[in-house]
Amino acid sequence: MTLQSTSRRDWGSHPPLLHPPYRSTSLRAPTRPLIPIARSLSESTGPVYGHESVRPLDNDLTRNGRVNGEPLGERIVVTGRVVDEDGRPIRNSLVEVWQANAAGRYVHKVDQHDAPLDPNFFGGGRCVTDDEGIYRFYTIKPGAYPWGNHPNAWRPNHIHFSLLGPTISSRLVTQMYFPGDPLLALDPIYLGVPESARGRLVSKFSIDVTEPGFALGYVFDIVLRGRGETPFER
Amino acid sequence: MTSNQTPSQTVGPYFAYGLTAEQYRYPNGQIADGAIANDKVADRIRIVGRVLDGEGRPIPDAMVEIWQADRLGRYNQSGAGGFGRQGTGTDPESRFVFDTVKPGSVGGGQAPHLTVILFMRGLLSHLFTRIYFADEAEANLADPVLAAVPAERRQTLVARREDTANGPVYTFDIRMQGDGETVFFDF
């Protein structure tokens with residue numbers, strides 16, 4: 001049995017647990033330091049979700065919520081490569097996404113933002129990486145929306161990503177942002193990421209990915225925790 | 001060539017229809033839920049708990065994932081069995097509820113345990129902890145991970161057992177701050 005031995009979380013890349021400008025962290029961040037432990041089988045294994053966990057329209061958010069027409073907004077295609085820190089592709093691995101509609105409104109029932117729901121847009125989907133680690137899905141560019149963190153607070157346009165990777169150590173939940181968004185410089189969630197790492201969360205516009213007459217293309221590559229050490233056998 | 005890890009971001013308040021849609025009754029599938037073992041399993045156990053914030057209030061918008069070995073201590077290497085996912089937003093007391101089997105020891109002197117991954121609004125990077133079992137006191141004493149935890153904090157990782165007509169129920173509350181603050185791990 002070959003096991004994946006992943007490298008440690010790089011806290012120079014990830015946001016701290018307590019980040020006072022993001023007010024919700026104050027009562028939810030642990031006050032004691034995390035306790036480092038050696039990795040065992042428990043940390044070096046994880047669930048495997050591949051192509052069988054995805055339904056035909058799951059990777060097309062422009063179609064999977066249709067009721068009586070097309071969703072409103074700017075059609076986009078989002079693609080990227082999921083690799084580990086050594087550049088090895090993460091193959092046949094599930095990517096789950098969810099997002100607001102073009103008006104900045106989530107389907108979620110606790111979202112009370114006074115912007116219209118789109119009867120033809122749901123906002124959730126999933127896809128699986130291929131043999132090169134590449135994922136791809138179609139959607140509508142999400143809108144910005146206000147939130148209660150501070151006066152006149154607005155979240156930048158973003159798409160939520162959840163990745164399982166090969167082991168639970170490689171688990172990642174993150175958000176993809178869009179290039180040139182003026183709200184990024186004001187967003188405490190984005191700014192919680194160490195400055196040198198923030199740019200990794202901003203997708204790149206690509207005319208090559210853009211589909212003529214159909215959808216603008218954005219590229220968002222993702223790096224999950226790698227093996228870091230020689231894999232061990234037993 | 002090495003690349004740097006993509007930073008984590010919070011799961012936010014609106015994950016339910018994306019990650020736990022069936023549990024929250026949205027028209028979307030979900031890959032895993034609270035039923036790690038189905039109701040035909042004779043030795044099924046239940047694990048319930050709440051996630052409590054720094055003021056001791058139950059958090060209704062957390063998501064808890066479980067990864068565990070089977071009753072013989074074997075991790076699934078080719079499928080998704082042993083993985084569960086629950087939001088805390090559908091129970092009136094903001095509890096998560098998992099129905100599963102108690103795992104066997106996975107080796108390395110480790111006591112039976114489940115790995116927990118915790119996500120929520122206000123948590124920019126997810127957290128890892130473990131659930132151990134109060135009725136495995138002897139094995140717990142020999143567990144190398146518990147041994148790395150200061151003795152006075154070990155109890156935060158041990159679920160207490162109650163026997164009911166439907167089988168054993170283990171309670172495991174996760175306290176984010178203050179007295180009895182749950183131990184979280186880095187690995």
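Going by the structure above, here's the rest.
Criteria and cut-off values
- Residues numbered from 1 in each chain as written.
- Chains lettered and ligands numbered in written order.
- Predicted model: local features only at pLDDT ≥ 70, side-chain atom pairs only at ≥ 80, totals over all residues.
- Heavy atoms only, no water.
- Helix = DSSP H or I, 4+ residues; strand = E, 2+ residues; numbered from the N terminus.
- Rg over C-alpha atoms; globule rule 2.2 N^0.38 Å.
- Buried < 20%, exposed > 50% of the residue type's maximum accessible area, 1.4 Å probe, protein only.
- Contact = heavy atoms within 4.5 Å.
- Areas by Shrake-Rupley, 256 points an atom, 1.4 Å probe, with all protein chains shown as cover.
- Lys, Arg positive; Asp, Glu negative; His and termini not counted.
- Charge placed at Lys NZ, Arg CZ, Asp CG, Glu CD.
- Pairing = 2+ DSSP bridges.
- Axes fitted to C-alpha atoms, helices over the stretch in contact; angles between N-to-C directions.
- 1 Å grid on protein atoms, 1.4 Å probe; cavity = no way out; pocket = protein on both sides within 12 Å on 5 of 7 lines; lining within 4 Å.
- Points joined across faces, edges and corners; volume = space filled by probe spheres on them.
- Nonpolar A, V, L, I, M, F, W, Y, C, P; charged D, E, K, R; others polar.

S.K.: How do you make sense of the overall build of chain B when you look at a structure like this?
M.R.: Scanning chain B from terminus to terminus reveals three helices and 10 strands. Helices (α) and strands (β) of chain B occur, in sequence order from the N terminus, as α-β-β-β-β-β-β-α-α-β-β-β-β. Relative to the compact-globule value of 16 Å for 187 residues, chain B shows a C-alpha radius of gyration of 16 Å, a close match. Seen along its three principal axes, the alpha-carbon backbone of chain B occupies a region of about 45 × 45 × 40 Å. The proportion of buried residues among the 187 residues of chain B is 62%. Across chain B, the fraction of contacts at a sequence separation of at least 24, relative to all contacts at a separation of at least 6, is 67%. With the model as given, the accessible surface of chain B reaches about 7,200 Å², and the carbon-plus-sulfur share is 46%. Both charge centroids of chain B, one from 18 positive and one from 23 negative side chains, sit 3 Å from each other.

S.K.: Is there a simple way to explain the sheet that holds strand S3 (residues 94-99) of chain A in this structure?
M.R.: Residues and elements named next belong to chain A. Taking strand neighbours across the sheet as the criterion, the four strands line up as S4-S3-S8-S9 in an open arrangement whose pairing is antiparallel. The sheet is open, and its two borders are formed by strand S4 (124-128) and strand S9 (172-177), each paired with just one other strand. For this sheet, the mean angle separating the axes of adjacent strands, direction not counted, is 25°. As paired elements, S3 and S4 share five bridges and run antiparallel to each other. Opposite Val97, over in S4, you have Gly125 as the bridge partner.

S.K.: Honestly, empty space enclosed by the protein in this entry has me stumped. Any pointers?
M.R.: Once rolled over the atoms, a probe with the size of a water molecule shows which space is left empty. Inspection of every chain in the model, using the stated rule, returns two cavities of 30 Å³ or more. Its boundaries defined by the atoms lining it, the largest cavity holds a volume of some 60 Å³. Together, Arg9(A), His14(A), Ser169(A), Ser170(A), Arg171(A), Leu172(A), Val223(A), Leu224(A), Arg225(A), Gln5(B), Thr6(B) and His126(B) line the largest cavity. Tallied by class, residues from the lining of the largest cavity come to three nonpolar, six polar and three charged. Here the second largest cavity defines a volume of roughly 30 Å³. Lining the second largest cavity, in full, are Val173(A), Ser8(B), Gln9(B), Thr10(B), Val11(B), Leu118(B), Phe119(B), Met120(B), Leu123(B), Ser125(B) and His126(B). It is strand S5 (residues 113-120) of chain B that contributes the most residues to the lining of the second largest cavity, three residues altogether.

All we've got here are geometric facts, nothing functional implied.
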